[in-house]
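Chain by chain, the residues:
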Amino acid sequence: METTARIAATPDALDFTVENVEKALHQLYYDPNIENKNLAQKWLMQAQVSPQAWQFCWALLSPDKVPEIQYFGASALHTKISRYWSDIPTDQYESLKSQLFSQIACFSSGSKMVLTRLCVALASLALNTMPEAWPGAVAEMVRVFQEEGGGVDGRARCLALLELLTVLPEEFQTSRLPQYRKGQVRGALGREWGSVCPLLQQLLRRTDSPGAVKARVLRCLSSWVLLDVPLSESEGLVHDCFSALPDPELFDTAVEAIVNAISQPDSQRYVNTLLKLVPQVLALQEQLREAVQNGDMETCHGICRIAVTLGENHSRTLLEQVDHWQSFLALVNMIMFCTGIPGHYPVNETTSSLTLTFWYTLQDEIMSFESDKQAVYLQVYRPVYFQLVDVLLHKAQFPSDQEYASWSSDEKEQFRIYRVDISDTLMYVYEMLGAELLSNLYDKLGRLLTNAEQPTSWQHTEALLYGFQSIAETIDVNYSDVIPGLIGLIPRININNVQLADTVMFTIGALAEWLADHPVMLSSVLPLVLQALGNPDLSVSSVSTLKKICRECKYDLPPYATNIVAVSQEVLIKQIHKTSQCMWLMQALGFLLSALPVEDILRNLHSLITPYIQQLEKLADETPNPSNKLAIIHILGLLSNLFTTLDISKQDDESADSSAPPVKTAPPPPGPNPVVVVLQQVFALIQTVLSKWLNDSQVVEAVCAIFEKSVKTLLHDFAPMVSQLSEMLGQMYGTIPQASALDLTRQMVHIFASETDHFPPIKALFELVTSVTLSIFQQGPRDHPDIVDSFMQLQAQALKRKPDLFLSESLDVKAVFHCGVLSLKFPEAPTVKSTCLFFVSTHTHTAETVLECVQMSPLSSYLMIACVSLLQTELLPHCSDVPPLARVVQEDGKLLVQAVLEGIGGGASRSLMDQFAEVLFCLNKHCFSLLTVWLKEALQPPGFPSSRVTAEQKDNFSQQILRERVNKRRVKDIVKEFTLLCRGLHGTEYAAEY
């Protein structure tokens, strides 16, 4: 629309007229052009917060306007009241209140959406004026709407009053009141419950109250109990809610009201009321059973919610009432019925999943009692939990093949997640039931598989195995005496179904650690796994299980190695598995080969990778195209994953220092590492591939991954390749810079920079990539955030592992630091994080360079956080004993203080205030006399660091900072308080959240 386009383009206050607002609304709702809609919406948002909104909003509520226009008028009113309350003169409160009452009365028989918005506006007014300016607000609302007059029938007035009373607590929950006001208003609302409760009871208990009124009463109760109304004061109404449950029209709202009332944190104080609720919940069992028989999922769901809410929120309270133990046990059994509700989740029922967290809660409460009490409760509830296991395994069973085939993919996914939840519950229950649970499962599985007379479904067998898998995946079952029997039973299972076969595989995988301690049992299960490798439907389960076995049992697998390699080669050649499973399979083979003699490793490697090397040679000769690119990346990925796990020396897994290279506990066999031998053989081929694909970041990344993973795995065993790889990396990066090359360089620096023999090539490589990257910064690095990120990580690693790299005359340290400052202003969080790591890694001998950066460019908030660690741990503490540092601080400290104050004043994110406070604290501790002068001089100019703070407030801040030389926490609080003043946020909801 032309008018609105003009309005949007020139948002003059005079344009916010009733006529223009109506035109803009028409465009918003009816114009098919999305750009025009967006223009209209933007303009309307400006209109809504403009001073003119007070004039047009009332006009828009005129009875002759359409509801969409009236709604905007009501919304504008709410916006002005809720967000710009301070603009309203005190003497206008009564007039505004009267107008709103009048409008609500008019719309009580009109548009529901407009009525609700007007009620929200009046609610906001009430919250801003109670209790001082409008004491007894709710009582007055009730009185006004109970009065006759205005030509509005009683039912409409009643519904309007209930809507107003409903939105009042809801508006409180989302209001922008400062925290201190929230406390006052909450207390005032709590006192108003005395006016609300009798009204709700009267309306709910009257036999002639229409269903719509009763439903609104229940909604109103739901809203008020969220204000922590004492359960004892709402007890009568909650009882009335139970009476409303048989009415289908009131069922959902009644359930919501009951659940909200009994789930309030304070409700556990009212033990007698809770005890009265238990029989009322138990009385719902008949309605629940009827709903189950009739397939009424909504009613089942609602009743289950009530039972679970009572049990979950008040388990401990009800457990402690020992005289009423039978009624609580009955409630537990009711929840057990809900857990085992007939039908398959999520197709036939959606209720059972609601109950699972209850069983966690109940177990936690029982196990938290002192040992004497705990023993008594366990005597009662251990049988209940054994029953729960049976129920859960029944619910975890797959439906018939025909029924499962009819499910949608979404239903199958929901069922998978449901089974995972059941698995987690079983694992948790094991903590209470212990080894007896495994014995119980084993006995059932044994009877199932050995009873030839009674036919069994595969679903039953699968569920029992799933129970074993759930526990063995996370619990140490090495000392269980039933696992040998389970391993013996697995070959007896008639595997005629994919789901059953999957679970058999995953169960074997879960027992991999046990098999490592009992290698004699490998011969029972390994043939099953190798057979499953050839089935594409079992791809994930069979490959992951083989990988676990090869990882955990590799030193017991040499007798089976030939067979495993042969089967794996066959499935790889046949391309049975997807790419990710092929990579897992190569990792499995890497674990397997690691335990073989070197000559056997080389022989198997030759057999395994020769076909791929031949294919790669052929691809390297072809003209680059998308098809052969995918094939090249696939082959390089296979090699990467193989070399990731192929390690012929044992590593110390207990090494605590993750920043240091892993420690080898046993020396490798003499001679070159097999991986190095292979890499040296294919090095020329890889260079050929690179020569044709250097422009493709994915191929370069795949090449770098081979060497990066090999370096990580082999560590110092990779030494023979350092020189030639450094040369190749330099050539690669010098031709076309790529982030993956920097990441590989970082690994090389990490492992080899500290070794005298390898320092020269590492130094040359580091200087080259640094020089090339500096040239990128000169040309404009904004299009290369990945390179900047990797570059800063490399610089941080170099500072940490070998600071001597920065002593080279060939390295422009000052330029590197300027690059760091520039990088801190990137919008990408990972880049900024990597750059901060670079600054934090800076050592004392580079401290002066940091201060040079501070002097030469405005100090960004990101640079401040990066420098804090340096200033605290390196520079400032040495001011008194290192004269050069003292001179630097004395000459340039004021710049630092000004930058810190600028950040505190609003120039930086509030999340950085703790870091700024640390700098001030450190300055105060080590340079007190200087800081006294700097603060005085820096805070002297008017309007600095913010125009919102007075000279008196600045002086007070300065004195508070200088007074605190010991309590760092207090300095942080002072800085936070001052930054809120500077930003005009002191006393707001934002301050409360800070």
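Residues numbered from 1 in each chain as written. Predicted model: local features only at pLDDT ≥ 70, side-chain atom pairs only at ≥ 80, totals over all residues. Heavy atoms only, no water.

Per an unreviewed UniProt entry, the recorded name for the protein chain is Importin-13, and the organism is Amphiprion percula. Per UniProt, the comment on the protein chain under Sequence similarities (unreviewed entry) is "Belongs to the importin beta family." Checking UniProt for the protein chain, the heading Subunit (unreviewed entry) contains the comment "Interacts with UBC9, RAN, RBM8A, eIF-1A and PAX6." (UniProt positions renumbered as here; feature names shortened; annotations may be inferred.)

(A) The overall build of the protein chain, seen in detail. In terms of helices and strands, the protein chain carries 48 helices and 0 strands. By residue count, 53% of the 994 residues in the protein chain fall in the buried class. As displayed, the protein chain offers around 43,700 Å² of accessible surface, 51% of which is attributable to carbon and sulfur atoms. (Helix = DSSP H or I, 4+ residues; strand = E, 2+ residues; numbered from the N terminus. Buried < 20%, exposed > 50% of the residue type's maximum accessible area, 1.4 Å probe, protein only. Areas by Shrake-Rupley, 256 points an atom, 1.4 Å probe, with all protein chains shown as cover.)

(B) Main features of the packing of aromatic side chains. Under the counting rule described, the total for this entry stands at 21 aromatic pairs. Look at Phe16 and Trp43: their rings are 5.1 Å apart centre to centre, the planes differ by 45°, and that puts the pair in the tilted class. Remark: Trp43 occurs in helix H3 (residues 34–48) and Phe16 occurs in the loop between helix H1 (2–9) and helix H2 (18–30); sequence separation between them is 27 residues. Like Trp43, Phe16 is buried. Three or more aromatic residues link up through ring pairs in this structure, and these residues are Phe398, Tyr404, Trp407, Phe415 and Trp458. (Phe/Tyr/Trp six-rings, centres within 6.5 Å; stacked < 30°, edge-to-face > 60°.)

(C) The arrangement of H3 in detail. Relative to the 21 Å expected for 15 residues at 1.5 Å per residue, H3 spans 21 Å between its end C-alpha atoms, a close match to the ideal helical length. Buried within H3 are the following residues: Asn36, Ala40, Trp43, Leu44, Ala47 and Gln48. Across the axial projection of H3, the buried residues extend over an arc of 140°, all falling on one side. Structural note: H3 exposes Ile34, Glu35, Lys42 and Met45 on the side pointing more than 90 degrees away from its buried face. The backbone nitrogen of Glu35 has a side-chain oxygen 2.8 Å away, supplied by the residue at the start of H3, namely Asn33. (Expected span 1.5 Å × (residues − 1). Arc of directions from axis to C-beta. Polar contact = N/O pair within 3.5 Å; in protein donor to acceptor, adjacent residues only side chain to side chain.)

(D) Here's a closer look at the packing of helix H14 (residues 271–282) against helix H16 (residues 297–320). Put simply, H14 and H16 touch, their axes get as near as 11 Å, and they point 140° apart. By the angle between their axes, H14 is oblique relative to H16. For the pair H14 and H16, the crossing hand works out as left-handed. Contacts between H14 and H16 pair Val271, Leu274, Leu275, Leu277, Val278 and Val281 from the former with Ile306, Ala307, Leu310, His314, Thr317 and Leu318 from the latter. (Axes fitted to C-alpha atoms, helices over the stretch in contact; angles between N-to-C directions. Parallel < 35°, antiparallel > 145°, perpendicular 65-115°, else oblique. Left-handed = near helix turned anticlockwise from the far one by under 90°. Contact = heavy atoms within 4.5 Å.)

(E) Quick peek at helix H34 (residues 697–714). With 18 residues, H34 extends 25 Å between its outermost C-alpha atoms, agreeing within 8% with the 26 Å of an ideal straight helix rising 1.5 Å per residue. With respect to burial, H34 is a largely interior element, 13 of its 18 residues being buried. Of the residues that open H34, the one with a side-chain oxygen 3.0 Å from the backbone nitrogen of Gln698 is Asp696. Among the residues trailing H34, Leu715 stands out with phi positive, at a value near 55°.

(F) Quick peek at the confidence of the model for the protein chain. Summarising the model, the protein chain shows a mean pLDDT of 85, and 86% of its residues fall at 70 or more. Taken together, the stretch residues 1–14 has pLDDT below 50 and engages in 21 contacts with residues farther than four places along the chain or on a different chain. This model gives residues 651–665 a pLDDT under 50, and the stretch forms 24 contacts once residues within four places in sequence are excluded. (pLDDT = per-residue confidence, 0-100.)

(G) Representation of unusual backbone geometry. Between Tyr345 and Pro346 the backbone carries a cis peptide bond, its omega angle lying at 0°. Position of Pro346 relative to the elements: it lies in the loop between helix H17 (325–339) and helix H18 (356–367). Along the chain, Phe944 connects to Pro945 via a cis peptide bond; the corresponding omega equals 0°. When you line up the elements, Pro945 lands in the loop between helix H45 (928–938) and helix H46 (951–963). For Asp228, which is not glycine, the phi dihedral falls at a positive 65°. In this fold, Asp228 is placed in the loop between helix H11 (211–225) and helix H12 (235–244). One non-glycine residue, Gln575, lies in the positive phi region at around 55°. Relative accessible area serves as the criterion here: at 66%, Gln575 is assigned to the exposed category.

(H) Inspection of the nonpolar core at higher detail. By size, the foremost hydrophobic cluster in this structure holds 295 residues, and its most contacted members are Tyr381 and Phe707. Aside from chain neighbours lying at most four places away, what touches Phe707 is Leu679, Phe683, Ile686, Phe718, Met721, Leu725, Met728 and Leu744. Among the nonpolar cores identified, the runner-up in size contains 26 residues, and Phe921, Leu931, Leu935 and Ile961 belong to it. (Core = buried A, V, L, I, M, F, W, Y, C linked by side-chain atoms within 4.5 Å.)

(I) View of the side chain of Asn478. With respect to the secondary-structure elements, Asn478 resides in the loop between helix H23 (458–472) and helix H24 (483–489). Since its relative accessible area comes to 19%, Asn478 is described here as buried. Here the side chain of Asn478 touches Asp517 through a polar contact of 2.7 Å, side chain to side chain. Those residues in contact with Asn478, other than ones at most four positions away along the chain, are Glu513, Trp514, Asp517 and His518.

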